[in-house]
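Architecture and fold: a report
Single-letter residue listing:
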Amino acid sequence: MTVLGEADYREALLEKLFEEAAELRGAAVTEVAEEIADVLEVLRAVAKVHGHEWADIEKVAEAKRAERGAFLERLYLG
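Quick notes on the rules
Residues numbered from 1 in each chain as written. Predicted model: local features only at pLDDT ≥ 70, side-chain atom pairs only at ≥ 80, totals over all residues. Heavy atoms only, no water. Core = buried A, V, L, I, M, F, W, Y, C linked by side-chain atoms within 4.5 Å. Buried < 20%, exposed > 50% of the residue type's maximum accessible area, 1.4 Å probe, protein only. Helix = DSSP H or I, 4+ residues; strand = E, 2+ residues; numbered from the N terminus. Contact = heavy atoms within 4.5 Å. Axes fitted to C-alpha atoms, helices over the stretch in contact; angles between N-to-C directions. Parallel < 35°, antiparallel > 145°, perpendicular 65-115°, else oblique. Left-handed = near helix turned anticlockwise from the far one by under 90°. Nonpolar A, V, L, I, M, F, W, Y, C, P; charged D, E, K, R; others polar. Lys, Arg positive; Asp, Glu negative; His and termini not counted. Salt bridge = Lys/Arg side-chain N within 4 Å of Asp/Glu carboxyl O.

**Quick word on the nonpolar core**
Judged by nonpolar contacts, Leu13, Leu17, Val39, Val42, Ala45, Val46 and Val49 together constitute the single largest core of seven residues. Mapped onto this core, the elements with two or more residues apiece are α1 (6–25) and α2 (32–49). Top contributing element to this core by residue count: α2, with five residues. Those residues within four positions of Val42 in sequence are excluded, and the remaining contacts are Leu13, Lys16, Leu17 and Glu20.

So, in structure tokens, the structure goes:
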């Protein structure tokens, strides 16, 4: 076991985020909720290591949804 320094920890979290996102992408329908939970856990850690509380992230997300809309309408702006 190794205790990472702050920069290495941040990098490791981002690597883990990509790993978990890849697992979500390949998940069976019955595994999606579990994989989303894994992605969420990593995102919470990323927020924390950057000095943000999760409640603040939710406020930013809500403001962006109000300004730009959400993905629920399935619109692709590509």
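**Section: the packing of α1 against α2**
It is the contact of α1 with α2, at a shortest axis distance of 9 Å, that shows an interaxial angle of 160°. The angle between α1 and α2 places the two elements in the roughly antiparallel class. Here the hand of the crossing between α1 and α2 comes out left-handed. Across the interface between the two elements, Glu6, Tyr9, Arg10, Leu13, Lys16, Leu17, Glu20, Ala21, Glu23 and Leu24 of α1 pack against Val32, Glu35, Ile36, Asp38, Val39, Val42, Leu43, Ala45, Val46 and Val49 of α2. Each residue belonging to the contact of α1 with α2 can be placed in one class, and the counts come to 13 nonpolar, no polar and seven charged.

**Here's the deal with the side chain of Glu35**
With respect to the helices, strands and loops of the structure, Glu35 is situated in helix α2. No salt bridge is formed by the buried Glu35; its nearest oppositely charged neighbour, Lys16, is found at 8.5 Å. Not counting residues up to four positions away in its chain, the partners in contact with Glu35 are Glu20, Glu23, Leu24 and Ala27.

**A few points about the pattern of salt bridges**
All chains considered together, the criterion is met by five salt bridges. When the shortest N-O distance is used, the salt bridge between Arg10 and Glu6 registers 2.9 Å. With a gap of four residues between them, Arg10 and Glu6 both fall in helix α1, about one helical turn apart. Take Arg10: its relative accessible area is 30%, and that puts it in the partly exposed class. When its relative accessible area of 49% is taken as the criterion, Glu6 is described as partly exposed. Ionic pairing is found between Arg65 and Glu62, a salt bridge with its closest N-O pair at 2.9 Å. Of this pair, Arg65 and Glu62 both sit in helix α3 (residues 54–68), three residues apart, which is roughly one turn of that helix. Within the structure, one salt-bridge network assembled from shared partners comprises Lys16, Glu19 and Glu20.

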